[in-house]
Amino acid sequence: MARWGALLLILPLFILMGVYFWELGDIRECQLSGGHWDAIASACREQPQPFTPFIERHSLLVNGGMLLSVLGLVMCFIGFYTRR
């Protein structure tokens, strides 16, 4: 159980960071070309766009990933606490 818990503890965080940095790369590319990033449409625009936080755009991914990580932590605790 501790192995599955460790997997659930770490894997959602890597997926979340991967999605975040993938989008950050697109944002930086847009800004370096002189545009403004439209986060809602995920497109580069000429006019400035309002700021929208990552958690508002991907709330299921962020909250679901954190819940899976907490579940993995609990599974690790149970796996290390119980005897084989």
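On a predicted model such as this, the values are computed, not experimentally measured, just so you know.

Cut-off values and rules
All residue numbers refer to positions counted from 1 along the written sequence of the respective chain. Reporting in this predicted model follows two pLDDT cut-offs: at least 70 for local features of residues, and 80 or more for side-chain atom pairs to be given and counted; totals over whole chains, interfaces and linings ignore these cut-offs and use all residues. Excluded from the side-chain calculations are hydrogens and water; all other atoms, namely the structure's heavy atoms, are used. Sulfur atoms of two cysteines make up a disulfide when they are within 2.5 Å. Secondary structure is summarised from DSSP: a helix means a run of H or I of at least four residues, a strand means a run of E of at least two, and numbering begins at the N terminus for each. Accessibility here uses a 1.4 Å probe with only protein chains present; expressed as a share of the type maximum, an area under 20% marks a residue as buried, one over 50% as exposed, and anything in between as partly exposed.

Engineer: What exactly am I supposed to notice about the state of the cysteines here?
Structural biologist: Any covalent bond linking the sulfur atoms of two cysteines counts as a disulfide. Counted under the stated rule, the structure contains one disulfide. Across the disulfide, C30 is cross-linked to C44 (sulfur-sulfur distance 2.1 Å). Every disulfide takes its handedness from the sign of the S-S torsion; for C30 and C44 that torsion is 80°, giving right-handed. Here C30 is found in helix α1 (residues 2-32), whereas its partner C44 is found in strand β2 (residues 43-45), with 14 residues between them in sequence. Classification of C44 as partly exposed rests on a relative accessible area of 38%.

Engineer: Please clarify how the environment of L32 should be interpreted in this entry.
Structural biologist: Mapped onto the fold, L32 is located in helix α1. Looking at L32, the relative accessible area reads 67%, which means it is exposed. In this structure the C-alpha to C-alpha distance between L32 and V74, which are 42 residues apart in sequence, comes to 43 Å.

None of the figures reported here should be taken as evidence of function without further support.
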